[in-house]
Amino acid sequence: MPMHPFFFVGALLHATAILVIAFFVWFAASRASGLLRLFGGILGLWLVVLAVLAVVFGASGAGKRWAHPGWGPHGPMGPPAAAAPSPAPNAAP
């Protein structure tokens, strides 16, 4: 069953937002000095890694867990399994 393309579009939107935040973190880190500059650079790099992972998981179909036939967001769809029939009790004479 093919994956719905919105998973990839959603991943791109999230990655774009994360990359914009990473840009501003790197910009602020370039204006800082000392340990704060190092921390900002590491944080900006971590945000870029998260953006790349968002696109990779969106493209690989990590959101396909609902795409199995007969399964929805709340479990298997369909009637519950019927219980095995039990024999009728013997009637008293």
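It should be noted that the structure appears before, not after, this text.
Since we're looking at a predicted model, the values are computed, not measured.

Peer 1: I'd like to hear about the packing of aromatic side chains, residue by residue, with values.
Peer 2: Each aromatic ring pair is characterised by the separation of its centres together with the angle its planes make. Going through the model one piece at a time under the given rule, you end up with 1 aromatic pair. With a centroid separation of 5.4 Å and an interplanar angle of 75°, the aromatic rings of F23 and F24 are classed as edge-to-face. Its relative accessible area of 52% is what places F23 among the exposed residues.

Peer 1: Would you mind going over the packing of helix α1 (residues 6-31) against helix α2 (residues 35-60) in detail, with residue names and values included?
Peer 2: Taken N-terminus to C-terminus, the directions of α1 and α2 make an angle of 170°; their axes are 8 Å apart at the nearest point. Relative to α2, the element α1 lies roughly antiparallel.

Scoring rules and cut-offs
Residues numbered from 1 in each chain as written. Predicted model: local features only at pLDDT ≥ 70, side-chain atom pairs only at ≥ 80, totals over all residues. Heavy atoms only, no water. Phe/Tyr/Trp six-rings, centres within 6.5 Å; stacked < 30°, edge-to-face > 60°. Buried < 20%, exposed > 50% of the residue type's maximum accessible area, 1.4 Å probe, protein only. Axes fitted to C-alpha atoms, helices over the stretch in contact; angles between N-to-C directions. Helix = DSSP H or I, 4+ residues; strand = E, 2+ residues; numbered from the N terminus. Parallel < 35°, antiparallel > 145°, perpendicular 65-115°, else oblique.

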